[in-house]
Amino acid sequence: MFNIEEIRLPTHLELMPEIVEINRVTDIQLAKLEDCIDELRDNLLIMTSRESGISRREKILKISPLDTDSLEERRFRILLNWYDSYPYTEKDILQRLNRLCGAGEYIFDLDKTQNNLECRLELTSKKKRDALELLLNEILSLNIALTVGLRYNQHVKLARFTHGQLSAYTHQALREEVLPNE
């Protein structure tokens, strides 16, 4: 980032021990400055934020992270709360789900006649389930019954494996764990 190559001292001055030491210390300080500038640039956006940016936003939003939360899980929880705006429409909720979970990573089934909403997350997103349920409980009307669950593995997904391959798993693991793509 910094280019001080165009500033050159005469050769006899560059070889002086004092100047060599000044250059060494200056290089260290410039490297630290570059790291700080990179961190600030990364922390501008939530999706690229480092630990310091995530913890700062958690402090602003009064979110207490769990000790077991990864940076991605903390980032997800911040995204849930950061762009909060009312009123919510079905389109707004779907856009938010696409942004947070990814398109195709959930099933959104709204029964307007019965006032029921069923949201099923893919197994790859199961750590996001609780945070998503909190969000939907907060933004949905009180007259809508909410069910948030996981999309468990079904026969269609398991049919590509042989019985020998499936025997390595328990019944619960076959139902609830993400299976390898073989």
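Everything discussed here concerns the structure shown above.
Residues numbered from 1 in each chain as written. Predicted model: local features only at pLDDT ≥ 70, side-chain atom pairs only at ≥ 80, totals over all residues. Heavy atoms only, no water.

**Some remarks on the packing of helix α5 (residues 90-101) against helix α6 (residues 129-139)**
The following threshold applies: Note on method: axes are straight lines fitted to C-alpha atoms, helices fitted across the in-contact stretch only, with angles between N-to-C directions ranging 0 to 180 degrees. Strands here are runs of E lasting at least two residues and helices are runs of H or I lasting at least four, both read from the DSSP assignment and numbered beginning at the N terminus. Under this scheme an angle from 65 to 115 degrees is roughly perpendicular, one under 35 degrees roughly parallel, and one over 145 degrees roughly antiparallel; angles in between are oblique. Rotating anticlockwise by less than a right angle from the far helix to the near helix defines a left-handed crossing, while the corresponding clockwise rotation defines a right-handed one. Throughout, a residue-residue contact means that at least one pair of heavy atoms, one from each residue, lies within 4.5 Å. Side-chain classes are defined by residue name, with Ala, Val, Leu, Ile, Met, Phe, Trp, Tyr, Cys and Pro counting as nonpolar, Asp, Glu, Lys and Arg as charged, and the others, Gly among them, as polar.
It is at 13 Å that the axes of α5 and α6 come closest, and there the two elements cross at 165°. With respect to α6, the axis of α5 lies roughly antiparallel. As α5 packs across α6, the resulting crossing turns out to be right-handed. Where α5 abuts α6, its residues Ile-93, Arg-96, Leu-97, Leu-100 and Cys-101 lie against Leu-132, Leu-135, Leu-136 and Ile-139. A breakdown of the residues in the contact of α5 with α6 according to their chemical character gives eight nonpolar, no polar and one charged.

**Regarding the packing of helix α3 (residues 51-61) against helix α4 (residues 71-82)**
Contact geometry for α3 and α4: axes closest at 10 Å, N-to-C directions at 40°. Considering their axes alone, α3 and α4 lie oblique with respect to each other. Here α3 runs over α4; the crossing is left-handed. Contacts between α3 and α4 involve Glu-51, Ile-54, Ser-55, Arg-57, Glu-58, Ile-60 and Leu-61 from the former and Leu-71, Arg-74, Arg-75, Ile-78, Asn-81 and Trp-82 from the latter. Split by residue class, the contact of α3 with α4 holds six nonpolar, two polar and five charged.

**Quick look at the nonpolar core**
One recurring pattern in soluble globular proteins is that nonpolar side chains are buried together. Convention followed: For this analysis, a nonpolar core means a set of buried residues of the types Ala, Val, Leu, Ile, Met, Phe, Trp, Tyr and Cys, connected via side-chain atoms within 4.5 Å. With a 1.4 Å probe rolled over the protein chains alone, any residue whose accessible area is under 20% of its type maximum counts as buried; one over 50% counts as exposed, and the rest are partly exposed.
Among the nonpolar cores identified, the biggest contains 27 residues, and Ile-93, Leu-97, Leu-100, Cys-101, Leu-132 and Leu-136 are the most heavily contacted of them. Elements represented by at least two residues in this core include exactly α4, α5, β1 (106-111), β2 (116-122), α6 and β3 (145-151). At five residues, the largest contribution of residues to this core is made by α6. In this view, Leu-100 contacts Phe-76, Leu-79, Leu-80, Lys-128 and Leu-135; residues no more than four positions away in its chain are not counted.

**Quick notes on the sheet that holds β3**
Put simply, the rule is: Only strands that DSSP links by at least two bridges are regarded as paired with each other.
On the basis of which strands lie adjacent, the open sheet formed by three strands has the order β1-β2-β3 and mixed pairing. Single-partner strands in this sheet number two, and they are β1 and β3. Between one strand and the next, the sheet's axes are offset by a mean angle of 10°, whatever the strand orientation. Across seven bridges, the pairing between β2 and β3 is parallel. The residue of β3 that forms the bridge with Cys-119 is Val-148. On the sheet, α5 packs against β1 and β2 and is oriented at approximately 165° with respect to β1.

**Regarding the environment of Gly-53**
Counting through the fold element by element, Gly-53 comes out in helix α3. Look at Gly-53 and you get buried, because its relative accessible area is 4%. The spatial distance from the C-alpha of Gly-53 to the C-alpha of Glu-39 is 8.4 Å, given a sequence separation of 14 residues.

**Digging into the pattern of salt bridges**
Condition: When a carboxyl oxygen of Asp or Glu lies within 4 Å of a side-chain nitrogen of Lys or Arg, that pair is called a salt bridge.
Inspection of the entire model under this criterion finds eleven salt bridges. In this structure, the salt-bridge partner of Arg-74 is Glu-51, at a minimum N-O distance of 2.8 Å. Within this pair, whereas Arg-74 is found in helix α4, its partner Glu-51 is found in helix α3, the two being separated by 23 residues in sequence. Exposure remark for Arg-74: the relative accessible area of 9% places this residue in the buried category. Judged by relative accessible area, which is 44%, Glu-51 ranks as partly exposed. The residue Glu-133 makes a salt bridge to Arg-129 at a minimum N-O spacing of 3.1 Å. Of this pair, Glu-133 and Arg-129 both sit in helix α6, four residues apart, roughly one helical turn.

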